[in-house]
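Architecture and fold: a report
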Amino acid sequence: MTARDDRGTDRRTLLRVGLGLALGPPLASLGTAGMALAAGEDLDTPETFRPGEIVESGHRFFGTVSRGLALTVEEAGRRWGEPNGYILGQEGGGAVVAGVRYGEGTLYTRNAGKRRIYWQGPSLGFDVGGDGARTMMLVYNLPNVRDLYRRFAGVDGSAYLVGGFGMTAVVNDRVIVVPIRSGVGARLGINVGYLKFTREPTWNPF
């Protein structure tokens, strides 16, 4: 095994151990079939997901039927329309003023299938402590899967909280990513920072 593989394995192991108590059983519903990369990354004429589909998928993923989730997805739709991709995953983070967040999950698109994706990023704000959370991210205006592998900075005034779900937004060029997190551990996303998406896990949040 290469050094890179060792680091990736260590990070995944620590992330899963750290989130174990917070998240409960592994996300078995995602399955292992279909995790392989789709043959293409171009979305051509991207097909979007309707709010009802997103809410139904979110209810299965978070393990609860919540009016808060439906209202949060509705608010995202009011601001940015229908997403042409979404991510379901888990993440962990911690902060004492300055902090860091690591996550991993699966990106779903209609045109390019689904694939494994990782994210990390620093933050500076009102965060104190640590958390682990299941996270849904709505992706808007994504022309190509490759365009997701870069840094996304926070959007001013995008924080939103209802029914135990927190929503914020990060953007790069025209592509907008809207993380939706459940529970107190969501930290509401109220901080200054960014998310960096990668094909492989890495400890480097920058």
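This text follows the structure it describes.
Starting afresh in each chain, residues are numbered from 1 along the sequence in its written order. In view of the model being predicted, local features appear only for residues whose pLDDT reaches at least 70, and side-chain atom pairs are presented and counted only at 80 or more, with totals across whole chains, interfaces and linings using the full set of residues. Values reported for side chains reflect all heavy atoms of the structure, with hydrogen atoms and water molecules removed beforehand.

**Re empty space enclosed by the protein**
The method works on a 1 Å grid over the protein atoms by themselves. A cavity is a set of points holding a 1.4 Å probe that cannot get out, a pocket is an open set with protein on both sides within 12 Å along at least five of seven lines, and residues with an atom within 4 Å of a point line them. Grid points are joined across faces, edges and corners, and a volume is the space filled by probe spheres set on the points. Under the definition given, this model contains 1 cavity of 30 Å³ or more. Here the largest cavity is characterised by a volume of approximately 40 Å³. Forming the walls of the largest cavity are Pro51, Ile54, Val73, Gly77, Gly81, Glu82, Pro83, Leu138 and Tyr140. Per the convention used, a helix needs a DSSP run of H or I reaching at least four residues, while a strand needs a run of E reaching at least two, with both numbered from the N terminus. For the lining of the largest cavity, the elements supplying multiple residues, two or more each, are helix H2 (51–62), helix H3 (67–80) and strand S2 (114–140). Gly is placed with the polar residues, together with every amino acid not listed as nonpolar (Ala, Val, Leu, Ile, Met, Phe, Trp, Tyr, Cys and Pro) or charged (Asp, Glu, Lys and Arg). Taken together, the residues of the lining of the largest cavity break down into 6 nonpolar, 2 polar and 1 charged.

**Re the pairing of strand S7 (residues 175–182)**
Of all 8 residues that make up S7, 7 are buried, and the element is covered over most of its length. The sheet contact formed by strand S5 (residues 165–167) and S7 spans 3 bridges and is antiparallel. Along S7, the bridge assignment pairs Gly166 with Arg181. The sheet contact formed by strand S6 (residues 170–172) and S7 spans 3 bridges and is antiparallel. Each bridged residue has a counterpart across the sheet, and for Val170 the counterpart in S7 is Val177. Relative accessibility thresholds used throughout: buried, under 20% of the residue-type maximum; exposed, over 50%; partly exposed, between the two (1.4 Å probe, protein chains only). In short, DSSP must find at least two bridges between two strands for them to pair.

**Observations regarding H2**
Along an α-helix, residues three or four positions apart point the same way, because every turn accommodates 3.6 residues. To estimate the expected span of a helix, subtract one from its residue number and multiply by 1.5 Å. Compared with the 16 Å implied by 1.5 Å per residue over 12 residues, the 16 Å span of H2 between its first and last C-alpha is a close match. Inspection of H2 places Ile54, Val55, Ser57, Gly58, His59, Phe61 and Phe62 among the buried residues, and these make up the whole buried set. Gly63 sits one or two residues past H2 and shows a positive phi near 80 degrees.

**Description of the nonpolar core**
Residues Ile54, Tyr86, Leu138, Val178 and Ile180 are the most contacted members of the largest nonpolar core, which totals 20 residues. Mapped onto this core, the elements with two or more residues apiece are H2, H3, strand S1 (85–108), S2, S5 and S7. Whether two residues touch is decided by their heavy atoms; if any such pair falls within 4.5 Å, the residues are in contact. Excluding residues that lie within four positions of it along the chain, Tyr86 makes contacts with Phe49, Ile54, Ser57, Thr106, Leu107, Tyr108, Met137, Leu138 and Val139. Listed in part, the 17 residues of the second largest apolar core include Ile87, Val139, Leu142 and Val170. Here the nonpolar core consists of buried residues drawn from Ala, Val, Leu, Ile, Met, Phe, Trp, Tyr and Cys, with membership extended through side-chain atoms lying within 4.5 Å.

**Some remarks on H3**
The first and last C-alpha atoms of H3 sit 20 Å apart over 14 residues, in line with the 20 Å expected at 1.5 Å per residue. Among the residues of H3, those classed as buried are Gly68, Leu69, Thr72, Val73, Glu75 and Ala76. Here the buried residues of H3 occupy an arc of 155 degrees about the axis, which is enough to place them on one side. Seen from the open side of H3, the exposed residues pointing more than 90 degrees away from its buried face are Arg67, Glu74 and Arg78. Just downstream of H3, Gly81 is the residue with a positive phi angle, here 90 degrees. Here, the arc refers to the directions that run from the helix axis to the C-beta atoms.

**Topic: the pattern of salt bridges**
A pairing counts as a salt bridge when a side-chain nitrogen of Lys or Arg comes within 4 Å of a carboxyl oxygen of Asp or Glu. All chains considered together, the criterion is met by 8 salt bridges. Between Arg79 and Glu75 there is a salt bridge, and its shortest N-O distance comes to 2.7 Å. Highlighted residues: Arg79 and Glu75, both in helix H3, separated by 4 residues, approximately one helical turn. Judged by its relative accessible area of 30%, Arg79 is partly exposed. It is possible to trace a salt-bridge network through shared partners that takes in Arg50, Glu53 and Arg110.

**Brief notes about the side chain of Arg115**
Checked against the element boundaries, Arg115 lands in strand S2. Here the side chain of Arg115 touches Ala112 through a polar contact of 2.8 Å, landing on its backbone oxygen. Under the rule applied, a polar contact is a pair of N or O atoms within 3.5 Å (in protein, one hydrogen donor and one hydrogen acceptor; residues adjacent in sequence only if both atoms are side-chain atoms).

**Quick look at the side chain of Asn84**
Structurally, Asn84 is set in the loop between H3 and S1. A residue is classified by how much of its surface remains accessible, and Asn84, at 5% relative accessible area, is buried. Separated by 3.3 Å, the side chain of Asn84 and the backbone nitrogen of Asn141 make a polar contact. Of note is the side chain of Asn84, whose polar atom sits 2.7 Å from the backbone oxygen of Leu142.

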